[in-house]
Amino acid sequence: MRSLLGLLFLYLLLKAFLVGIGMGIGFILHWIVPAIDLGMAVLIGVITTGFSMYFFARLFALADTISGEGTASDMASSVTYLIDPIPPIPRPRRSRRKP
């Protein structure tokens, strides 16, 4: 229960950070282009911030895999799975000709 509350707190903290940055970008966007409504500007800011955080997280994950920290031998599993062979497809039977 305690770890769930900690995870919830971390999620809310990250969400508040994301919305705060999005509101800041939205206010700046509304100030630069007054034709954009403030609510739409905040929405644009939140979505843009979320996508940029996702992009940088994927970029850093890619950099970790390229650096060679995880080699193929580390990822290899010692478990062997036995798979039954697929039976061959039966040939079609020849039909007898009726006289």
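Since this is a predicted model, take the numbers as computed values, not measurements.

### Notes on the overall build of the protein chain
Part 1 of the reasoning: Across its full length, the protein chain holds 3 helices and 0 strands.
Part 2 of the reasoning: Tracing the protein chain from N to C terminus, the helices and strands come up as α-α-α.
Part 3 of the reasoning: Residues classed as buried in the protein chain amount to 6% of the 99 residues present.

### Topic: helix α1 (residues 2-32)
Part 1 of the reasoning: In this model, α1 (31 residues) spans 45 Å end to end at C-alpha, consistent with the 45 Å of a helix rising 1.5 Å per residue.
Part 2 of the reasoning: Buried within α1 we find Leu-18, Gly-22 and Gly-26.

### A closer look at a nonpolar patch on the surface
Part 1 of the reasoning: A cluster of nonpolar side chains, contributed by Met-1, Leu-4, Leu-5, Leu-7, Leu-8, Phe-9, Leu-10, Tyr-11, Leu-12 and Leu-13, occupies part of the molecular surface with about 1100 Å² of accessible area.
Part 2 of the reasoning: By the element assignment, Leu-7 lies in helix α1.
Part 3 of the reasoning: For Leu-7, a relative accessible area of 53% puts it in the exposed group.

### Side note on the confidence of the model for the protein chain
Part 1 of the reasoning: Per-chain confidence: the protein chain averages 76 in pLDDT, with 85% of residues scoring 70 or above.
Part 2 of the reasoning: Least confident of the elements in the protein chain is helix α3 (residues 72-75), whose mean pLDDT is 55; most confident is α1, at 80.

The rules we used
- Residues numbered from 1 in each chain as written.
- Predicted model: local features only at pLDDT ≥ 70, side-chain atom pairs only at ≥ 80, totals over all residues.
- Heavy atoms only, no water.
- Helix = DSSP H or I, 4+ residues; strand = E, 2+ residues; numbered from the N terminus.
- Buried < 20%, exposed > 50% of the residue type's maximum accessible area, 1.4 Å probe, protein only.
- Expected span 1.5 Å × (residues − 1).
- Patch = residues over 30% accessible without salt bridge, like charges linked within 9 Å, V, L, I, M, F, W, Y side chains within 5 Å.
- Areas by Shrake-Rupley, 256 points an atom, 1.4 Å probe, with all protein chains shown as cover.
- Salt bridge = Lys/Arg side-chain N within 4 Å of Asp/Glu carboxyl O.
- pLDDT = per-residue confidence, 0-100.

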